[in-house]
Amino acid sequence: MTEHPISPELIRNLVELARCAGDAIMAIYINKDTYQVEHKQDESPLTAADLAAHRVIVQGLAQLLPLPVISEESELPDFADRHLWENYWLVDPLDGTKEFIAGNGQFTVNIALIQRGRPLLGVVHVPATDTTYLGVLDARDPASVGAFKYLRGRGAEPIRVRSMIERYQQREPFTVLLSHRHNTQATLDLMDLVKQNWPGTIETTNAGSSLKFCVIAEGLADFYPRLAPTSEWDTAAAQAVLEAAGGRVVCATPDLPSLVYNTREDILNPHFYALGDKHFYWEGLLSSNPVDGNP
C-alpha cells in the first residue's frame, strides 16, 4: 500500500457494512424461534445469524479494501502464511452468540483492520439498538482520527474516556465491568485488591460481548478485567475504539504491555485488562504494593 488505506470513504463504508451485517442478524433474531443452534468443535454455539453476517462482511470487505480476512466463521489460515501479513481484516460477525440466543440484545458485529499486529481501525455495531462505535487511530485525513458513536446511522458523536486522576483525587466511585459468564476466582481476588487501593467506592456491573470496551470508551465505566479465555476476533475492533477514545488494552501482567495480534499459532488472547484514562497510573492501582498507597 503506497497510499494510506484508511480514507474517509473507507470509514463511511465500513460503518455501513457493519450495519448491513447487523440487519442480516436482526432478520433472524426477530424470528428466533425458527432457527436452530449448532455447536462448533470447541462447543461454542453457532447460528444462522453468525453465518449470514459473515457472508455480508466478507463480500463487503473484498470490495472496500481487498486484504486477507480472519473471521471466527471461517477456517483459520496457517500461521506460516498469516504471520507474513502486514495488513489484514479481523472479524467476529456476531460477538456474543450466547447473548443472541438468550435474547438480551447484548451482541455485536466486530470488524477491525490490523496493521503490524495493532488494530488501527475498528467498528463495533450493536444490531439490537442500531448503535455503532468507531475507533480510528491513524488515517489519511487527521480529522478522521478519534472515537465516535453513531445512533441509528445518524451523524457521528465524539466519545472519550473520563479522567481517572480527577476521580481518584475526588474519591469518586470506580466502575468495573464484568462478564455475565466468565468471572473467575482470579477476578474476585483482583477486585479485592482494587478495593484496597481505590479511595472511593467500587461499583460493578455486567455486560455482554465487546460492549464493555465501548462503555469505557464513552466515559461510563473505568475498568474491565478479563482473566478468562478470549480470541483475537473478540477484542480487536473494540480495542481500536477504546484506544482511540483515550484508553488502553493491555496484557494482565505487572508491566501492562499492549495487547497485540497475530503473533502466535493459535488465535487466543492472553488474559487482559481494558483500561480507561491512559494517563492514570494503573500499575499502582493494580499492584499489591502501591507507592505510598497512592496510584
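Only a predicted model underlies this, so the values are computations on that prediction, with no experimental measurement involved.

The rules behind the values
Sequence positions are assigned chain by chain, starting from 1 and proceeding in written order. Only residues with pLDDT of at least 70 get local features here, since the model is predicted, and only at 80 or more are side-chain atom pairs given and counted; chain-wide, interface and lining totals rely on the full set of residues. Only hydrogens and water are removed before side-chain values are computed, so all heavy atoms of the structure are retained for them. By the criteria applied, helices consist of DSSP H or I runs no shorter than four residues and strands consist of E runs no shorter than two, each listed in order from the N terminus. A cavity here means a set of 1 Å grid points, computed over protein atoms only, where a 1.4 Å probe fits but cannot escape. A pocket is an open set with protein on both sides within 12 Å along at least 5 of 7 lines, and lining residues have an atom within 4 Å of a point. Grid points are joined across faces, edges and corners, and a volume is the space filled by probe spheres set on the points. In this count, Pro and Cys sit with the nonpolar residues alongside Ala, Val, Leu, Ile, Met, Phe, Trp and Tyr, while Asp, Glu, Lys and Arg are called charged and the others, Gly among them, polar. For every element, the axis is a line fit to its C-alpha atoms; helices are fit only across the contacting stretch, and the angle between N-to-C directions ranges from 0 to 180 degrees. An angle below 35 degrees is treated as roughly parallel, one above 145 as roughly antiparallel, one from 65 to 115 as roughly perpendicular, and anything else as oblique. In this scheme the crossing of two helices becomes right-handed for a clockwise turn of the near helix relative to the far one and left-handed for an anticlockwise turn of less than a right angle. Whether two residues touch is decided by their heavy atoms; if any such pair falls within 4.5 Å, the residues are in contact. Paired strands, in this sense, are two strands between which DSSP finds at least two bridges.

Asker: In this structure, what is going on with unusual backbone geometry? I would like to understand it.
Answerer: As a rule of thumb, non-glycine residues mostly have phi less than zero, and peptide bonds are mostly trans rather than cis. Unlike most non-glycine residues, leucine 256 shows phi in positive territory, near 50°. Assignment of secondary structure puts leucine 256 in the loop between strand E13 (248–251) and strand E14 (272–275). For asparagine 262, which is not a glycine, the phi torsion comes out positive at approximately 60°. With respect to the helices and strands, the residue asparagine 262 is situated in the loop between E13 and E14.

Asker: How should empty space enclosed by the protein be read in this particular structure?
Answerer: One water molecule sets the probe size; rolling that probe over the atoms shows where empty space is left. Considering all chains together, one arrives at one cavity of 30 Å³ or more under this definition. Taken as a whole, the largest cavity encloses approximately 30 Å³ of empty space. Split into classes, the residues belonging to the lining of the largest cavity amount to four nonpolar, three polar and no charged.

Asker: So what exactly am I meant to see when it comes to the packing of helix H1 (residues 8–29) against helix H2 (residues 48–64) here?
Answerer: Packed helices, taken two at a time, are described by the angle their axes make and the gap between the axes. The geometry of H1 relative to H2 is characterised by a closest axis approach of 8 Å and an angle of 160° between their N-to-C directions. Of the possible angle classes, the one that applies to H1 and H2 is roughly antiparallel. For H1 against H2, the interelement crossing comes out right-handed. For the pair H1 and H2, contact is made by Leu10, Asn13, Leu14, Leu17, Cys20, Ala21, Ala24, Ile25 and Ile28 and by Ala48, Ala49, Ala52, Ala53, Val56, Ile57, Gly60, Leu61 and Leu64, respectively.

Asker: Teacher, can you tell me more about the layout of surface pockets here?
Answerer: Its boundaries defined by the atoms lining it, the second largest pocket holds a volume of some 190 Å³. Lining the second largest pocket we find Pro8, Ile11, Arg12, Val15, Leu134, Ala143, Ser144, Phe148, Tyr150 and Ala156. Put simply, the parts of the chain that give the lining of the second largest pocket at least two residues each are H1 and strand E8 (146–151). Looking at the lining of the second largest pocket element by element, the count peaks at four residues for H1. Looking at side-chain class alone, the lining of the second largest pocket contains eight nonpolar, one polar and one charged residues.

Asker: Before we go on, may I ask you to explain the sheet that holds strand E4 (residues 87–95) in this structure?
Answerer: Either a parallel or an antiparallel arrangement is found when strands of a sheet pair, and the pairing is made through backbone hydrogen bonds. Spatial strand order, E3-E4-E5-E6-E7-E8-E9: seven strands in an open sheet with mixed pairing. Strands with a single pairing partner mark the edges of an open sheet, and in this sheet they are strand E3 (69–71) and strand E9 (157–158). Sheet topology places strand E7 (residues 131–136) next to E8; six bridges connect them, and they run antiparallel. Each residue of the ladder has a partner; that of valine 136, found in E8, is glycine 146. In the packing of H1 onto the sheet, contacts are made with E4, strand E5 (108–115), strand E6 (118–126), E7 and E8, and the angle to E6 comes to roughly 40°.

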